[in-house]
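Working through the structure, step by step
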Number of protein chains: 2
Amino acid sequence: MSTAQGARARARIEVTSAIKDEARRQLAADGAAKLSLRAVARELGMVSSALYRYFPSRDDLLTALIIDAYDSLGEAAETAHAAVADVGPLRRWVAVCEAARGWALRRPHEYALIYGSPVPGYQAPDTTVPAASRVGLLLMGIVRDAHRSVGVARTPIPAELRPEADRLAADLAPDLPAEVSVALVAAWAQVFGLIGFELFGQFNRVVEDRETFFRYSVSRIGHGVGLVFPGNP
Amino acid sequence: MSTAQGARARARIEVTSAIKDEARRQLAADGAAKLSLRAVARELGMVSSALYRYFPSRDDLLTALIIDAYDSLGEAAETAHAAVADVGPLRRWVAVCEAARGWALRRPHEYALIYGSPVPGYQAPDTTVPAASRVGLLLMGIVRDAHRSVGVARTPIPAELRPEADRLAADLAPDLPAEVSVALVAAWAQVFGLIGFELFGQFNRVVEDRETFFRYSVSRIGHGVGLVFPGNP
DNA sequence: CTCAAGCGAGAGCAGTGCTCTCGCTTGAGA
DNA sequence: TCTCAAGCGAGAGCACTGCTCTCGCTTGAG
């Protein structure tokens, strides 16, 4: 009853995804600011007003693209993780980070859409939350596995951070030590900081061998979360 | 001969900075994408075409704002650093990072302009490089001081990173150990990763006490660069 | 004192997001 | 099986954008 809807509904789905595809094409070519509803409609052989039957505004189209981008990134990361399921936690951590970086380099404008400055005047609706969490949850899963098997190193935290750490850990991962949860959230932001700096040109004329640099840096970040050294299991 | 120019030149400077001021106002209010040359001109009581006598295009206006923003951030960081010149390196490191975060929270749209996704289709000219480096150089100075006085901890790097590390160190800070230079560049990106995540809403419903969280996180990053613990000199 | 350079005003072009109205089509319910 | 409202595309139009070009006034350097 969900797939075998009427022809009308099926056509609507097709047109909707054709619009998103073309929009994604233009996004990849020229970036979000130059994404034009009229140009999308033109390319699809329809008139611009017809497009508003599918997306009530340009921002809604962008939101759809954002969710798709989060999902695409999440899927890339999860695929990469599945491919190294049998190695140690730190290696898996690095593999996931490298997958995220690779995805970002392949689709810079989509990355900018989700981790760059949000489109001005626009607040991401809660709809995006689940898709946005996938990479973070994946990284957390790695740390959780490590915690259960080989254990994780715990760095003591200052007293002033204790309330926030406990609250954050209770919300996020009650089974992990609060110290680790805090470090994990920070690590998550730091990994994307590295990706963003590379992508947005801050490393120009500074870092040359960016792949090696990234691998080493995220490996140290992973170590900072408490993951063990590559040599160990 | 540079300040006492003709009245024409002085007027030009005044009008130019009036344009930038009004543009900055609109930028702060609505973000970069909604910054409109026509609206700026309107507000200044001039016609839009007249504005092109001062900035050849909208992108050039944005570039001017970008440089000013880098300088403003750099100045905020340097002022904060000067205010704690007599404390230990790690404390100074944290103070500079907190100043950068504070500046970003106070001027989110300007921060987005320089560390968020670059305005699409637009490549920052080399003009911006010196202004853009100020915070990085400041952080490097702190590590250099620490290296000269109390010394910095050196984390060994893998062999595959050795060439890049040596090249990077030679370019950036020949007086610092290559291991430290690499860690410093990564730390630089990681600090701004934390700021960006907070500013762009990634920490919504995740981190509550963001100030404490940030202070702890950048302190750990500083420690990762080799700075000593707060207790020590 | 002069005359070119600097400047502001205005009209105009091509493009944008978005709205509204008009008819055609189509499929679900009587 | 027939009908009629809902869904849809087309077109015109509004208010806005960045940018160009031409026209005259002003002004300050030679």
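Residues numbered from 1 in each chain as written. Chains lettered and ligands numbered in written order. Predicted model: local features only at pLDDT ≥ 70, side-chain atom pairs only at ≥ 80, totals over all residues. Heavy atoms only, no water.

On to the domain arrangement of chain A. Residue and element names in this part refer to chain A. Segmentation of chain A into domains returns domain 1 (1-55) and domain 2 (69-225). Once you take the C-alpha centre of each, domain 1 and domain 2 turn out to be 32 Å apart. Contacts between the two partners involve 7 residues from domain 1 and, on the opposite side, 4 residues from domain 2. Taken over both partners, the interface formed by domain 1 and domain 2 buries close to 390 Å², and the fraction arising from carbon and sulfur atoms is 72%. Linking domain 1 to domain 2 there are 0 salt bridges. Of the residues belonging to the side of domain 1 that touches domain 2, the class tally is 4 nonpolar, 1 polar and 2 charged. (Domains from an automatic or database assignment. Contact = heavy atoms within 4.5 Å. Buried area = accessible area lost by both parts, 1.4 Å probe. Salt bridge = Lys/Arg side-chain N within 4 Å of Asp/Glu carboxyl O. Nonpolar A, V, L, I, M, F, W, Y, C, P; charged D, E, K, R; others polar.)

Below, the discussion takes up the protein's contact with DNA strand D. Around DNA strand D lies a shell of 21 residues, among which S49(A), R53(A), L37(B), R38(B) and R42(B) are the nearest. Expressed as a percentage, the sugar and phosphate content of the atoms of DNA strand D within 4 Å of the protein is 45%. Between DNA strand D and Y54(A) there is a distance of 3.1 Å, counted from a phosphate oxygen to a side-chain nitrogen or oxygen. Within the contact set of DNA strand D, a phosphate oxygen lies 3.4 Å away from a backbone nitrogen or oxygen of L35(B). Contributing elements (two or more residues each) for the surface near DNA strand D: α1 (7-30) and α3 (48-51) of chain A together with α1 (7-30), α2 (37-43) and α3 (48-51) of chain B. In the surface near DNA strand D, the residues fall into 8 nonpolar, 5 polar and 8 charged. (Near = heavy atom within 4 Å. Polar contact = N/O pair within 3.5 Å; in protein donor to acceptor, adjacent residues only side chain to side chain. Helix = DSSP H or I, 4+ residues; strand = E, 2+ residues; numbered from the N terminus.)

On the side of chain B, 51 residues touch chain A, which itself brings 51 residues to the contact. For the salt bridge of R215(B) with E160(A), the shortest nitrogen-to-oxygen distance reads 2.8 Å. Linking chain A with chain B are 14 residue pairs in polar contact (both at pLDDT 80 or more). At the level of elements, α6 (108-115), α8 (162-172), α9 (178-199) and α10 (210-225) of chain A are the ones that each hand at least two residues to the side of chain A that touches chain B.

Around DNA strand C sit 21 residues, and of these L37(A), R38(A), R42(A), S49(B) and R53(B) come closest. Sugar and phosphate atoms represent 45% of those atoms of DNA strand C found within 4 Å of the protein. Take Y52(A): an N or O atom from its side chain is 3.2 Å from a phosphate oxygen of DNA strand C. One of the side-chain N or O atoms of R53(B) is found 2.6 Å from a base oxygen in DNA strand C. At the level of elements, α1, α2 (37-43) and α3 of chain A together with α1 and α3 of chain B are the ones that each hand at least two residues to the surface near DNA strand C.

All chains considered together, the criterion is met by 38 salt bridges over all chains. With a shortest N-O distance of 3.1 Å, D68(B) and K20(B) are connected by a salt bridge. You can see D68(B) sitting in helix α4 (residues 58-83) and its partner K20(B) sitting in helix α1, a full 48 residues away along the chain. Where R215(B) meets E211(B), a salt bridge forms, and the shortest distance between an N and an O atom there is 3.6 Å. Here E211(B) and R215(B) lie together in helix α11 (residues 210-225), a separation of 4 residues that amounts to about one turn. Among the residues examined, R215(B) registers a relative accessible area of 24% and is labelled partly exposed. Residue class for E211(B) comes out partly exposed when judged on its relative accessible area of 42%. Through salt bridges with shared partners, one network takes in K20(A), D21(A), R24(A) and D68(A). (Buried < 20%, exposed > 50% of the residue type's maximum accessible area, 1.4 Å probe, protein only.)

Residue and element names in this part refer to chain A. With respect to the helices and strands, H109 occurs in helix α6. For the pair H109 and L44, spaced 65 residues apart in sequence, the C-alpha separation works out to 22 Å. In contact with H109, other than residues within four places in its own chain, are L27, A28, A29, D30 and G31.

With that settled, the discussion passes to helix α4 (residues 58-83) of chain A. Under the 1.5 Å per step criterion, the end-to-end length of α4(A) is 38 Å for 26 residues, consistent within 8% with the ideal 38 Å. A distance of 3.2 Å separates the backbone nitrogen of D59(A) from a side-chain oxygen at the start of α4(A), and that oxygen is part of S57(A). (Expected span 1.5 Å × (residues − 1).)

All names here are of chain B. Assignment of secondary structure puts H81 in helix α4. Sequence separation between H81 and E160 is 79 residues; the distance between their C-alpha atoms is 35 Å. Not counting residues within four places of it along the chain, the set of residues in contact with H81 comprises R92, V96, L138 and I142.

Moving on: α11(B). Spanning 16 residues, α11(B) covers 22 Å between terminal C-alpha atoms, matching the ideal 22 Å at 1.5 Å per step. Residues T212(B), F213(B), F214(B), Y216(B), S217(B), V218(B), S219(B), I221(B), G222(B) and V225(B) constitute the buried set of α11(B). As for α11(B), its buried residues are in contact with α9 of chain A together with α5 (89-106), α8 (134-148) and α10 (178-199) of chain B. Looking one or two places after α11(B), you find G226(B), whose phi comes out positive at around 115°.

It is worth spelling out the packing of aromatic side chains at this point. Under the definition given, this model contains 22 aromatic pairs over all chains. A ring pair is formed by Y115(A) and F192(A), whose centres lie 4.3 Å apart and whose planes are at 20°; its orientation type is stacked. Taken together, the residues Y115(A) in helix α6 and F192(A) in helix α9 connect sequence positions 77 residues apart. Judged by its relative accessible area of 4%, F192(A) is buried. Taken together, the ring pairs in this structure connect Y70(A), Y111(A), Y115(A), W188(A), F192(A), F200(A), F197(B), F203(B) and F213(B) into an aromatic cluster. (Phe/Tyr/Trp six-rings, centres within 6.5 Å; stacked < 30°, edge-to-face > 60°.)

In this section: the side chain of R92(B). Residues and elements named next belong to chain B. By the element assignment, R92 lies in helix α5. On the basis of relative accessibility, which here comes to 8%, the residue R92 falls in the buried class. With near-sequence residues (within four places) excluded, R92 lies in contact with H81, V84, A85, V87, I142 and D145.

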